[in-house]
Amino acid sequence: MKNFFLINYGCQMNVLEAEKMKGLLIAEGYEEAPDEFNSDVVIMNTCAVRETAERKIFGKIGQIRKHGRPGLLIAVCGCVTQVSGESIFEKYPGIDIVLGSGNKMNIAAYLSKAGSSARILDLGNGPERDSAECAQLAKRGSEYSAFIEIMKGCDNFCAYCIVPYARGGEVSLPPVLVLDEIKMLIDRGYKEFTLLGQNVNSYGKKFADGSERRFRFHDLLGEIEKIKGIFRLRFITSHPRDLSSETIDVMASSGIIAHSLHLPAQSGSDRILKAMNRGYTISEYLEKVERLKKDIPGFAFTTDIIFGFPGETESDYRDTLNLMERVRFKNAFLFRYSERRKTAASGISEGLVDNEEKLSRLQNAIEIQKKISLEESIGYVGATKNVLFSSLDRKGRNISGRDTHDMIVIVENNMDKLGTVRDVLIERANSFTLYGRLKSA
Ligand code: 5AD
Ligand code: SF4
């Protein structure tokens, strides 16, 4: 019997894939180790979206080789390997197995092949694993709230983004598979679901069998709505260009879809959005934001924004700050532009923003956003929030869940209420978390 430890980086898609890999390994007789230093196998599921994420991964490999068990196997998979290819072995000699994005689920087979001294590299797709089986076996982080993959890959080619190179083109999963997975999990006690895809709004553009556009994202939402036993439904990530009027209609009339949306703006300047190949203008973005705010009172937005994209001037930067002030995102993930090999923007040589300037724009924006987030959170003090307590907080002593506005809500103690839906009176708040007490049932 061998044990393994899986270290995960990156987006929710990676989180879900890591849950599936763990489940498949356990089904093959592996056990989860307590940490990376007491493990026979360490698997790193990587993210290539920014250089900082990549650097962290390689620092970790050195640390594990130094302090880990002698003879341990290190397997690296996911977006970084898919993009770097074979050169990864030269750069980082401590690695034994390299898998790409499309064959992670075959990890157990590769581990049993390893052991001989030869290194393994496979960036192909490998034999297709049965999606339903992966979903059945996944070792999920919560027993009540689950991620559901609805599509793979991305066709957008935003000028800064590595994802289409790391994960390939868009393919939607058949609706029946998605609906069956949700039903299977409801039977196990799950109540909250988050649909995952790099661009969920273009669900149905292409299915694996080649069929197209007969069944779209709003159709999928409509079918999910009919399933009994769902408390709340979310989805990430939405693309401002593809968020359709039909989808907004379904959101407004739904009894289960959360009143919040992660809608990455990336910039507040039309010029920069064009250079990023985003396919919308700020007035189109705001039109959708305003419509959601009007149709669904109290609707909350979160976003992603990149600072210092090539060509971003002071004036473009001010446009972005204006957007932040105007929408008042409840939370914003703010990044410094990081040049990624192969992407369209990596070829740009004019108008580059130097690192110091990028950092100063980013830090100033972070301060502004902190203030907005705190003001928005404090606005919820005194309100009653309806929450599924899906996990324990980081201390492991209090119950935690997310409300319809995607705020984390924590109630002290009450561990016996884990898995239940309760009304909570919010008593205090910090920027991203609300604290309160249970109202009597
Ligand atoms: N540099 C900085 N941020 C990036 N993102 C994607 N690519 C880059 C890059 N090259 C950000 C985008 C995206 C989020 C997941 O990461 O804002 O929405
Ligand atoms: Fe990172 Fe993008 Fe890959 Fe997710 S899809 S792991 S964010 S590079």
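Okay, so let's go over this structure. (Residues numbered from 1 in each chain as written. Chains lettered and ligands numbered in written order. Predicted model: local features only at pLDDT ≥ 70, side-chain atom pairs only at ≥ 80, totals over all residues. Heavy atoms only, no water.)

**Details of the site of ligand 1**
What counts is decided by this rule: By convention in these notes, a residue is near a molecule or strand provided one of its non-hydrogen atoms lies within 4 Å of it. Identification of polar contacts relies on pairs of N or O atoms within 3.5 Å, with a donor-acceptor requirement for protein atoms, meaning one able to donate a hydrogen and the other able to accept it, and with residues adjacent in sequence counted only if both atoms are side-chain atoms. Note on areas: Shrake-Rupley, 1.4 Å probe, and residue coverage restricted to the protein chains presented here. In this text, helices come from DSSP runs of H or I with a minimum length of four residues, and strands from runs of E with a minimum of two, each type numbered from the N-terminal end. Residues are sorted three ways: Asp, Glu, Lys and Arg are charged, Ala, Val, Leu, Ile, Met, Phe, Trp, Tyr, Cys and Pro are nonpolar, and all the rest, Gly among them, are polar.
If you check the shell around ligand 1, you find Val 49, Arg 50, Tyr 160, Gln 266, Asp 304, Ile 306, Phe 335, Arg 336, Tyr 337, Ser 338 and Arg 340 and nothing else. In the environment of ligand 1, a nitrogen atom lies 2.7 Å from a nitrogen or oxygen atom belonging to the backbone of Ser 338. Here ligand 1 has 400 Å² of accessible area as a free molecule, and 85% of this is covered by the chains. Of all the elements in the fold, those that place two or more residues in the shell around ligand 1 are strand S13 (300–307) and strand S14 (331–336). Its residues assigned to classes, the shell around ligand 1 comprises 5 nonpolar, 2 polar and 4 charged.

**Comments concerning helix H9 (residues 217–225)**
So the rule is basically this: Throughout, exposure labels follow a simple rule: accessible area from a 1.4 Å probe, protein chains only, divided by the maximum for the residue type, with under 20% read as buried, over 50% as exposed, and the rest as partly exposed. The arc refers to the directions leading from the helix axis to the C-beta atoms.
Among the residues of H9, Phe 217, His 218, Leu 220, Leu 221 and Ile 224 are the ones counted as buried. Each buried residue of H9 sits inside an arc of 155° when the element is viewed along its axis, so together they form one side.

**So, the sheet that holds strand S11 (residues 232–236)**
Two modes of strand pairing occur in sheets, parallel and antiparallel, and in both the strands are linked by backbone hydrogen bonds. Rule in force here: Criterion used throughout: strands pair if DSSP finds at least two bridges between them. Axis definition: a line fit to C-alpha positions, over the contact stretch in the case of helices; interaxial angles, taken between N-to-C directions, run 0 to 180 degrees. Residue contacts follow a heavy-atom distance rule, with two residues in contact if any of their heavy atoms lie within 4.5 Å.
Strand order in the open sheet formed by 3 strands is S7-S10-S11, and the pairing between neighbours is parallel. Single-partner strands in this sheet number two, and they are strand S7 (145–149) and S11. Between one strand axis and the next, the sheet turns by 20° as a mean value, whatever way the strands run. When S7 meets strand S10 (residues 192–196), the two strands line up parallel, connected through 5 bridges. Its bridge partner lying in S10, Glu 149 is registered against Leu 196. Packing of helix H1 (residues 12–27) onto the sheet brings it into contact with S7, S10 and S11, and relative to S7 it is tilted by some 100°.

**Some words on the site of ligand 2**
Taken together, Cys 11, Asn 14, Thr 46, Cys 47, Ala 48, Val 49, Cys 79, Val 163, Arg 167 and Gln 198 make up the full set of residues near ligand 2. The class makeup of the residues in the shell around ligand 2 is 6 nonpolar, 3 polar and 1 charged.

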